[in-house]
Structure formats: structure tokens, C-alpha cells
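Each chain, letter by letter, is given below.
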Amino acid sequence: MKRKILILPCLLLLAAAFTACEDNGLRQGDPDYWTVSRHQFTVSLANGQTLFLLDNQDGTATVTFDGANPRHVTGNTDVNITTYVDTLVIPETVTHEGKTLRVTAVGEEAFMGNRTLLRVELPASVQSIGQGAFCYCRGLQDVNIPDGITEIPSAAFSQCVSLDTIILPESVEKLGKMAFYNCSKVKDMWVGTNVKSMGYNLFYNWNGNIHLACTTPPALDGVLNLAETTPKFYVPAEALSAYMSAEGWQDQYIDVEPEEEEEL
């Protein structure tokens, strides 16, 4: 009963996490939405898709949202953006006004609500992913997370209900609240040795396996899963006792990581 009572505040927190974009009064169709002052521009990719970017004015660029809905979320979470279809390969560099810019970030809510995006290939140059970047990408099956990214922020992959496997690079140190909220079809997630903290409701409605390579239990910022599901955590054998006694971990299903079978 306690878990059901907590669902409403959980959803309110989720909605709050998805309203990070500034509202400057511009709306869809306004002729001044895409302006030089905003430093926004587009490039055409090899497959004909248009990629929306922001010139950071320092030799780098950030992948941004498409402008179809300036705020992306206005109280109605049933967003349905179809800007990108099937596979999106983001280049490491783009050219804008004669300048070569290195793509170093995926901005806040950059792909939020896109239902037709199936796969995303991020270049090694990407160093950060913004809050809610892939939230509600319900068709997204696969995305690589480049080495060098240190944080998966709030709601970054929330409601990505088609993701199957998630592999985090060794560089990741923090998993924000609801970062993988309701990724209900994930079978296996692999977490590196350097993760130090995990956020509230990070694994809401998970049934899959979470493989933790970190021998020191990450600090928990609240409950990991409020749903009536049972994700399974596998940890190194030498760290089992530490996890079993760490605050917040006692109620989790924890076991020793199975040894890999040798190929004959």
C-alpha cells in the first residue's frame, strides 16, 4: 500500500524533471524562433535527415531540440515528435558559417518525445548528455554512451520502453534521479567501476539484471524502485558483504556476478 501512495509524488517529480527548457515567449511558427542571437543552426546528414544544433561560440556544438515545440512539455506528457526516423548517426564535427565545430554534447530534451527514432550513434566527442535528452523515445532500441561522459542526468532515458541492453562506460560516476525510469524491457544493464551515486527511482518498473562492477556500494539518493517489480543486482564476489550491509541496499535482490563461461 505504501508504494502505491508514493506513485503520485513520483509522477509529479517526473513531470518537474522534464520542464528544464527556458520559456521566452516564442511559440511554434513564430518567425523569430530560429535566430542568429540563439546561435541555432541545422545541418543535413548523409541520409537526408536534418540535425538541429546550437553553436556554443567556443568551437563546439550541442545537439538541440527541433523547435517543433519550444518547451517540449507543457503539462501534457503525451508528446509525439517524428523529426528523426529509424537510425540517427551524429557526426563528430559539423560545419557552420565556414567554421568546423566539434559536437560535444546532447542538450536537454534534445530528442524528447520522438517516437520514430530507433537507434542513435553518438560520436566519441560527446562529453555530456542533458536532462531528459531521450525521455519518451518509446521506440528507441539502442544508443551508445561514449567514454568520457561522467553523468547520466535526471530523466535522460526515462520511458525508453524499447531499450534492450544498456552499457555504461567506465567514466560514468553518477546516475541521476529517474535517469532510466520505466525502461521496462531492459534485460541487462552494465555499470562500470566508478559509479559513486544513484538517484531516486532510477530503476522504476525494472525486472532486468543490473551488473555492478563497482566494489564500493554507490550512495543512494532515495529509493531505487517504487514499483511492484524486482530488479536483480549482481556485484563482484568480494563486494557482496559490503552491499548487503550498505544503507538502502539491504532491501534489494543482490547476488554475486556469475562467472563467464569459457568458450570451447
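To be clear, the structure that these remarks concern was listed above.
In short, a report on the structure.

What counts as what
Residues numbered from 1 in each chain as written. Predicted model: local features only at pLDDT ≥ 70, side-chain atom pairs only at ≥ 80, totals over all residues. Heavy atoms only, no water. Helix = DSSP H or I, 4+ residues; strand = E, 2+ residues; numbered from the N terminus. Contact = heavy atoms within 4.5 Å. Areas by Shrake-Rupley, 256 points an atom, 1.4 Å probe, with all protein chains shown as cover. Pairing = 2+ DSSP bridges. Phe/Tyr/Trp six-rings, centres within 6.5 Å; stacked < 30°, edge-to-face > 60°. Buried < 20%, exposed > 50% of the residue type's maximum accessible area, 1.4 Å probe, protein only. Lys NZ or Arg CZ within 6 Å of the ring centre and 35° of its normal. Disulfide = S-S within 2.5 Å. Right-handed = clockwise from strand over helix to strand, strands pointing away. Salt bridge = Lys/Arg side-chain N within 4 Å of Asp/Glu carboxyl O. Core = buried A, V, L, I, M, F, W, Y, C linked by side-chain atoms within 4.5 Å.

### Points about the overall build of the protein chain
And then number 1: Secondary structure assignment for the protein chain yields three helices and 18 strands.
And then number 2: Taking contacts inside the protein chain between residues at least 6 apart in sequence as the whole, the part at least 24 apart equals 42%.
And then number 3: In the structure as shown, the protein chain presents an accessible area of about 12,900 Å², 49% of it carried by carbon and sulfur atoms.

### Overview of the sheet that holds strand 4 (residues 86-89)
And then number 1: Spatial ordering of the open sheet is given by 4-7-9, a layout of three strands whose pairing is parallel. On the outer flanks of this sheet lie strand 4 and strand 9 (142-143), each paired with one strand and no other.
And then number 2: Pairing analysis gives four bridges linking strand 4 to strand 7 (residues 117-121), with the strands arranged parallel. What sits directly across from D86, in strand 7, is L117.

### Some details on the packing of aromatic side chains
And then number 1: The tally for this structure, following the rule as stated, stands at nine aromatic pairs.
And then number 2: Arranged with centres 5.4 Å apart and planes meeting at 5°, the rings of F157 and F180 form a pair that is stacked. Of this pair, F157 sits in the loop between strand 10 (151-152) and strand 11 (165-167) while F180 is found in the loop between strand 12 (174-175) and strand 13 (188-191), placing the two residues 23 residues apart along the sequence.
And then number 3: Here Y243 and W249 contribute two aromatic rings whose centre-to-centre distance is 5.2 Å and whose plane-to-plane angle is 85°, an arrangement assigned as edge-to-face. Each member of the pair Y243 and W249 is classed as buried.
And then number 4: In textbook terms, an aromatic cluster arises when at least three aromatic residues are bridged by ring pairs, as seen for Y84, F111, F134, F157 and F180.
And then number 5: Looking at K232, its charged tip hangs above the ring of Y253, at a distance of 5.6 Å from the centre.

### Examining the state of the cysteines
And then number 1: On inspection of all chains with the given rule, the structure shows zero disulfides.
And then number 2: C160 carries a free sulfur, and the closest cysteine sulfur to it, the one in C183, is 5.2 Å from it.
And then number 3: Using a relative accessible area of 0% as the deciding quantity, one classes C160 as buried.

### Points about unusual backbone geometry
And then number 1: Positive phi is not limited to glycine here, since A155 has a value of about 60°.
And then number 2: Structurally, A155 can be placed in the loop between strand 10 and strand 11.
And then number 3: With a phi angle near 65°, N205 is a residue other than glycine that sits in the positive phi range.
And then number 4: Among the secondary structure elements, N205 is positioned in the loop between strand 14 (197-199) and strand 15 (209-212).

### Some words on the pairing of strand 17 (residues 232-235)
And then number 1: Where strand 15 meets strand 17, three bridges bridge the pair, whose relative direction is parallel. Note on strand 17: the bridge partner recorded for I210 is F233.
And then number 2: Here four bridges tie strand 17 to strand 18 (residues 253-256), and the two strands are oriented parallel to one another. Bridge pairing in strand 18 links K232 to Y253.
And then number 3: Between the parallel pair strand 17 and strand 18, the chain is carried across by helix 3 (residues 240-245), and the sense of this crossover is right-handed.

### Some words on the pattern of salt bridges
And then number 1: Enumeration according to the criterion identifies four salt bridges in this entry.
And then number 2: Residue K99 is joined to D55 by a salt bridge in which the shortest nitrogen-to-oxygen separation is 3.1 Å. With K99 in strand 6 (residues 99-106) and D55 in strand 2 (residues 50-55), the pair connects residues that are 44 residues apart, well separated along the chain.
And then number 3: D55 gets classed as buried once you look at its relative accessible area, which sits at 3%.
And then number 4: For R102, the salt bridge identified is with E92, shortest N-O distance 2.9 Å. Residue R102 is found in strand 6, and its partner E92 is found in the loop between strand 4 and strand 5 (93-96); the two are separated by ten residues along the sequence.

### Considering the nonpolar core
And then number 1: Core analysis: the biggest nonpolar cluster contains 60 residues, and F111, F134, I152, F157 and F180 have the highest contact counts within it.
And then number 2: Secondary-structure elements contributing two or more residues to this core are strand 1 (40-44), strand 2, strand 3 (60-63), strand 6, strand 7, strand 13, strand 15 and strand 17.
And then number 3: Filtering out sequence-adjacent residues up to four positions away, F180 remains in contact with I152, F157, I166, L168, L175, M189, L202 and W206.
And then number 4: Counting residues in hydrophobic clusters, the runner-up holds six residues, among them Y181, Y200, L226 and A227.

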